[in-house]
Amino acid sequence: MKWKKFKIKTVTDAEDIIISTLYDIGLEGAQIEDKVPLTAMEKELMFVDILPDGPEDDGIAYLSFFVEETEDGTLTVNGEEKTEEEILSQVKEELESLRMFCQIGEGSITVDETEDIDWINNWKKYFKQFYVDDILIIPSWEEVKEEDKDKMIIHIDPGTAFGTGMHETTQLCIRQLKKYVTSETELLDVGTGSGILSIIALKMGAKHAVGTDLDPCAVPAVEENKEVNGIAPESFDMMIGNIIDDKEVQDKVGYECYDIVVANILADVLVPLTPVIVNQMKPGAVYITSGIIDDKEQTVVDAVKAAGLEILEVTYQGEWVSVTARKQA
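Residues numbered from 1 in each chain as written. Predicted model: local features only at pLDDT ≥ 70, side-chain atom pairs only at ≥ 80, totals over all residues. Heavy atoms only, no water.

1. Quick look at the overall build of the protein chain
For step 1, the next point in the chain: Looking only at helices and strands, one finds 9 helices and 16 strands in the protein chain.
For step 2, the next point in the chain: Residue burial in the protein chain is summarised as follows: out of 329 residues, 45% are buried.
For step 3, the next point in the chain: Partitioning the intrachain contacts of the protein chain with sequence separation of at least 6 by distance along the chain shows that 69% fall at a separation of at least 24.
For step 4, the next point in the chain: Accessible surface for the protein chain amounts to roughly 16600 Å². Of this, 49% is attributable to carbon and sulfur atoms. (Helix = DSSP H or I, 4+ residues; strand = E, 2+ residues; numbered from the N terminus. Buried < 20%, exposed > 50% of the residue type's maximum accessible area, 1.4 Å probe, protein only. Contact = heavy atoms within 4.5 Å. Areas by Shrake-Rupley, 256 points an atom, 1.4 Å probe, with all protein chains shown as cover.)

Now the structure itself:
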């Protein structure tokens, strides 16, 4: 499958309005290139803690829109066949209309043909089956080898939005869950993403799991992964919202309900989360955290202690850290 790429040079302040305007004419899925620093929320959703210093923001942005091209060179927009010239003319007309009431910068457009890529499924070639000790984590499109059939097998299709479990921080959490999950465990998974930690805990025998996430995409990801792993629908519930400051989410999740809380997110999020989440934990409950780059270890340890929790263990993998603690019984 081939694509035509329409790339617009503009300014960062005009990104949203141009994307919205061109969406209305059938150009969807904009790729944005700029030098605007990531927000804390964007870092969380990208699972990034510390970034190298980037170039200074110059206010310039490039927006790229991809249009499918058939073998005979016809382009398809909103199910309608159009020529490159027709699309180019329409985009120019929309940009000129925007100039009437906002700054869009240069507004120049270049057109290129991309290589033949399956944009939706291309990520799959980077996700291969792997082991966390005696647990095999495998995508649905790979076969389980005969010698692996006696292992705990977790099928995870993260899609394009969430991690696969290959990251060190996820593996640190998995190893801690193995130590503490029992048949009576009520688990709260903050920032559940693909649902991998809850699913593994349930496969280990946990009684019930609740996952929270900021991204609505977590809902279909979790549902698909529950189904492929044979997880009963009623054993794993999902909620979208910010448990740190949303009282409605806190109330839905419940208070003093959980034997284990696992939070594989950023150190800067764990600090405000910890004094809140102790209210969801039963007396004696275990708190498993990760997503902590090594030079943020003490920051998280201090936050955990300040919330009245007892540090049980600090574990390491590569440059990443997991802090496990317990609420006083």
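2. Thoughts on the sheet that holds strand β13 (residues 258-264)
For step 1, the next point in the chain: Reading across from one edge, β12-β11-β10-β13-β14-β16-β15 is the order of the 7 strands in this open sheet, with mixed pairing throughout. Where the open sheet ends on each side, the last strands, each with one partner, are β12 (236-240) and β15 (310-317). Pairwise comparison of adjacent strand axes, ignoring direction, gives a mean angle of 15 degrees for this sheet.
For step 2, the next point in the chain: The pairing of strand β10 (residues 186-190) with strand β11 (residues 208-213) spans 5 bridges and is parallel. What sits directly across from Leu187, in β11, is Ala209.
For step 3, the next point in the chain: The strands touched by helix α6 (residues 218-228) within the sheet are β11 and β12, with β12 carrying the most contacts at an inclination of about 170 degrees. (Pairing = 2+ DSSP bridges. Axes fitted to C-alpha atoms, helices over the stretch in contact; angles between N-to-C directions.)

3. Side note on the pattern of salt bridges
For step 1, the next point in the chain: A full pass over the atoms with the stated rule returns 17 salt bridges.
For step 2, the next point in the chain: Between Asp133 and Arg175 there is a salt bridge; the shortest N-O distance is 3.0 Å. Pair noted here: Asp133 is in the loop between β7 (130-132) and β8 (135-138) and Arg175 is in helix α4 (residues 168-180), with a separation of 42 residues, a long-range link.
For step 3, the next point in the chain: Judged by relative accessible area, Asp133 falls into the partly exposed class, the value being 44%.
For step 4, the next point in the chain: Judged by its relative accessible area of 27%, Arg175 is partly exposed.
For step 5, the next point in the chain: Close ionic contact of Lys282 with Asp259 constitutes a salt bridge, the shortest N to O distance being 3.2 Å. You can see Lys282 sitting in strand β14 (residues 281-293) and its partner Asp259 sitting in strand β13, a full 23 residues away along the chain.
For step 6, the next point in the chain: A relative accessible area of 24% places Asp259 in the partly exposed class. (Salt bridge = Lys/Arg side-chain N within 4 Å of Asp/Glu carboxyl O.)

4. Digging into the nonpolar core
For step 1, the next point in the chain: If you look at the biggest cluster of nonpolar residues, it comprises 29 residues, and the most contacted ones within it are Leu188, Val190, Leu273, Ile277 and Tyr287.
For step 2, the next point in the chain: Looking at this core, the elements with two or more residues in it are β10, α7 (247-253), β13, α8 (267-277), β14, α9 (297-306) and β16 (320-326).
For step 3, the next point in the chain: When neighbours within four sequence positions are excluded, Ile277 is seen to be in contact with Leu188, Val190, Ile243, Val261 and Tyr287.
For step 4, the next point in the chain: If you look at the next biggest cluster of nonpolar residues, it comprises 28 residues, including Ile137, Ile156, Val181 and Met238. (Core = buried A, V, L, I, M, F, W, Y, C linked by side-chain atoms within 4.5 Å.)

5. As for the confidence of the model for the protein chain
For step 1, the next point in the chain: Averaged over the protein chain, the pLDDT score is 86; the fraction of residues at 70 or greater is 87%.
For step 2, the next point in the chain: Here residues 44-52 is modelled with pLDDT under 50, and outside its nearest four sequence neighbours on either side it reaches 26 contacts, counting other chains as well. (pLDDT = per-residue confidence, 0-100.)

6. Notes on the packing of aromatic side chains
For step 1, the next point in the chain: Counted according to the given criterion, the structure contains 0 aromatic pairs.
For step 2, the next point in the chain: The lysine or arginine in question, Lys7, covers the ring of Tyr62, its NZ or CZ lying 5.0 Å from the ring centre. (Phe/Tyr/Trp six-rings, centres within 6.5 Å; stacked < 30°, edge-to-face > 60°. Lys NZ or Arg CZ within 6 Å of the ring centre and 35° of its normal.)

7. Describing α9
For step 1, the next point in the chain: Along α9, the residues that are buried comprise Glu297, Val300, Val301, Ala303 and Val304. One face of α9 carries all of its buried residues, which in axial projection span an arc of 165 degrees. Opposite the buried face of α9, at more than 90 degrees from it, the exposed residues are Lys305 and Ala306.
For step 2, the next point in the chain: Contact partners of the buried residues in α9: α8, β14, β15 and β16. (Arc of directions from axis to C-beta.)

8. Describing the pairing of β15
For step 1, the next point in the chain: Note: β15 against β16, 7 bridges, orientation antiparallel. Among the inter-strand pairings, Val314 is bridged to a residue of β16, identified as Val323.
For step 2, the next point in the chain: Here β15 folds back onto β16 in antiparallel fashion, the turn holding 2 residues, of which Gly318 has a positive phi close to 60 degrees.

9. Quick word on the sheet that holds β7
For step 1, the next point in the chain: Reading across the sheet, the 3 strands line up as β7-β8-β9 and stay open at both edges, with mixed pairing between neighbours. Of all the strands in the sheet, the pair left with one neighbour each is β7 and β9 (152-155). Adjacent strand axes in the sheet meet at a mean angle of 30 degrees, parallel and antiparallel pairs treated alike.
For step 2, the next point in the chain: The strands touched by α4 within the sheet are β7 and β8, with β7 carrying the most contacts at an inclination of about 45 degrees.

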